[in-house]
Amino acid sequence: AQKVTQAQTEISVVEKEDVTLDCVYETRDTTYYLFWYKQPPSGELVFLIRRNSFDEQNEISGRYSWNFQKSTSSFNFTITASQVVDSAVYFCAPLNNYGQNFVFGPGTRLSVLP
Amino acid sequence: DVKVTQSSRYLVKRTGEKVFLECVQDMDHENMFWYRQDPGLGLRLIYFSYDVKMKEKGDIPEGYSVSREKKERFSLILESASTNQTSMYLCASKGRGPSGNTIYFGEGSWLTVV
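What you see is a predicted model; the values in this text were computed from it and never measured. In this numbering scheme, every chain counts its residues from 1 along its sequence in written order. The naming scheme follows written order: chains are lettered A onward, ligands numbered 1 onward. Under the rules for a predicted model, residues below a pLDDT of 70 receive no local features and side-chain atom pairs below 80 are neither given nor counted, while totals for whole chains, interfaces and linings still include all residues. Excluded from the side-chain calculations are hydrogens and water; all other atoms, namely the structure's heavy atoms, are used.

**Focus on the overall build of chain B**
Next up, step 1: The secondary structure listing takes helices from DSSP runs of H or I that are at least 4 residues long and strands from runs of E that are at least 2 residues long, numbered from the N terminus. Summing up its helical and strand segments, chain B has zero helices and twelve strands in all.
Next up, step 2: Scanning chain B from its N terminus toward the C terminus, one meets helices and strands in the order β-β-β-β-β-β-β-β-β-β-β-β.
Next up, step 3: The size measure is the radius of gyration over C-alpha atoms, and the globule rule it meets is 2.2 Å times the number of residues to the 0.38 power. The globule rule puts the C-alpha radius of gyration for 114 residues at 13 Å, and the 13 Å found for chain B is close to it.
Next up, step 4: Based on the C-alpha atoms only, the size of chain B along its principal axes is roughly 40 × 30 × 25 Å.
Next up, step 5: Whether a residue is buried, partly exposed or exposed follows from its accessible area with a 1.4 Å probe, protein chains only, as a fraction of its type maximum: under 20%, in between, or over 50%, in that order. For chain B, with 114 residues in total, the buried portion stands at 51%.
Next up, step 6: Restricting to contacts in chain B with at least 6 residues of sequence separation, those with at least 24 account for 56%.
Next up, step 7: Surface exposure of chain B reaches about 5400 Å², of which carbon and sulfur atoms provide 49%.
Next up, step 8: When charges are counted, Lys and Arg contribute as positive and Asp and Glu as negative, whereas His and the chain ends are disregarded. Taken as the charge centre is NZ of Lys, CZ of Arg, CG of Asp or CD of Glu, depending on the residue. Between the averaged position of the 16 positive side-chain charges in chain B and that of its 15 negative side-chain charges there is a distance of 3 Å. The contact definition used throughout considers only heavy atoms, calling two residues in contact when any of these lie within 4.5 Å. Every accessible area reported is derived by Shrake-Rupley at a probe size of 1.4 Å, with residue values counting cover from the shown protein chains alone.

Written as structure tokens, this is what we have:
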């Protein structure tokens, strides 16, 4: 079974600051996927990224970037030049290749202050 | 576009009432899920279904049942609502196999039992 730890319960930053959300996972599987979701105050969980365990390249999408380190079982998420609209709860979730459902932790609540 | 639609956004029900939460997806996904989300507890899986008329218990099925009569629709039923079932309920769906390994969520249903 997978397990995920997001050590930061809540983070507050001022607009335009960079912020990194940490994610450490545990899995016994050799093939698995890692996901990040964003949950704004409206409640919907928005898919941000899916990463295959074989692909350790870092990824950048606009102000978002992800750093996957298989050796340390981490999949950290960085927002550059944060904006108020980035305020949300962010979830990191692992899924094995044959998994039917995700393991979600409590997430990290990010507040971006103007 | 991917779409998971939950029929009710906000509901207030009385203790002992039977409650139906409906979810429809338009992606022809085999797998559908019901989660509940509570502060500090993250998302917890109630039930999931991997095919029509098939269902599996998740981590917290007590007090709930589900129905999957059609592929696109997955209903969560609270047979006799109780105040400890006050929560936010999220429906989700995903396809099959590695290429289908992204879960898409609905907007959530906020249920208050009084």
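This is not the end of the story, as more comes after the structure.
**Structural notes on the packing of aromatic side chains**
Next up, step 1: When the centres of two rings from Phe, Tyr and Trp lie within 6.5 Å, Trp using its six-membered ring, the rings pair. Their planes under 30 degrees apart give stacked, over 60 give edge-to-face, and anything left gives tilted. This model, assessed by the stated rule, comprises 17 aromatic pairs over all chains.
Next up, step 2: Members of the aromatic cluster, joined through ring pairs, are Phe35, Tyr37 and Phe47 of chain A together with Phe33, Tyr35, Phe48, Tyr104 and Phe105 of chain B.

**Details of the side chain of Glu30 of chain B**
Residues and elements named next belong to chain B.
Next up, step 1: Counting through the fold element by element, Glu30 comes out in the loop between strand 4 (23-25) and strand 5 (31-38).
Next up, step 2: When its relative accessible area of 18% is taken as the criterion, Glu30 is described as buried.
Next up, step 3: Sequence-distant contacts of Glu30, that is, excluding residues within four places in its chain, are made with Ser49, Tyr50, Asp51, Arg68, Lys71, Lys94, Gly95 and Arg96.

**Some points on the state of the cysteines**
Next up, step 1: We call a pair of cysteine sulfur atoms a disulfide when they lie within 2.5 Å. Applying the stated criterion to the full structure yields two disulfides over all chains.
Next up, step 2: The side chain of Cys23 of chain A participates in a disulfide bridge whose partner is Cys92 of chain A; the two sulfur atoms lie 1.9 Å from each other. Taking the sign of the torsion about the S-S bond as the criterion, the disulfide between Cys23 of chain A and Cys92 of chain A, at about -55°, is left-handed. Of this pair, Cys23 of chain A sits in the loop between strand 3 (19-21) and strand 4 (24-26) while Cys92 of chain A is found in strand 10 (residues 88-96), placing the two residues 69 residues apart along the sequence. Each of the two residues, Cys23 of chain A as well as Cys92 of chain A, counts as buried.
Next up, step 3: The disulfide partner of Cys23 of chain B is Cys91 of chain B, and the S-S distance across this bridge is 1.9 Å. In this structure the cystine formed by Cys23 of chain B and Cys91 of chain B twists about its S-S bond by roughly -80°; its chirality is therefore left-handed. Placement of the pair is Cys23 of chain B in strand 4 and Cys91 of chain B in strand 10 (residues 87-94), with a sequence separation of 68 residues.
Next up, step 4: Owing to a relative accessible area of 0%, Cys91 of chain B belongs among the buried residues under this scheme.

**A few points about unusual backbone geometry**
Backbone phi values are negative for most residues with the exception of glycine, while trans is the configuration of most peptide bonds.
Next up, step 1: The backbone of Ser73 of chain A shows a phi angle near 55°, a positive value even though the residue is not glycine.
Next up, step 2: Looking at the secondary structure, you find Ser73 of chain A in the loop between strand 8 (64-69) and strand 9 (74-79).
Next up, step 3: Looking at Ser73 of chain A, the relative accessible area reads 23%, which means it is partly exposed.
Next up, step 4: Of note, Asp28 of chain B is a non-glycine position whose phi angle comes to about 60°, a positive value.
Next up, step 5: Structurally, the position occupied by Asp28 of chain B is in the loop between strand 4 and strand 5.

**Focus on the nonpolar core**
Next up, step 1: The definition of a nonpolar core used throughout is a set of buried Ala, Val, Leu, Ile, Met, Phe, Trp, Tyr and Cys residues joined through side-chain atoms within 4.5 Å. Residues Trp36, Trp66, Phe77, Tyr90 and Leu110 of chain A are the most contacted members of the largest nonpolar core, which totals 23 residues.
Next up, step 2: Within the residue set of this core, elements represented by two or more residues are strand 2 (10-14), strand 3, strand 5 (32-39), strand 6 (46-52), strand 8, strand 9, strand 10 and strand 11 (108-113) of chain A.
Next up, step 3: Of all hydrophobic cores here, the second largest spans 21 residues; its members include Val19, Ile46, Ile60 and Tyr89 of chain B.

**As for the side chain of Gln8 of chain A**
Next up, step 1: Positionally, Gln8 of chain A belongs in the loop between strand 1 (3-5) and strand 2.
Next up, step 2: The contacts of Gln8 of chain A, once residues within four sequence positions are left out, are Thr20, Leu21, Asp22, Gly107 and Thr108 of chain A.

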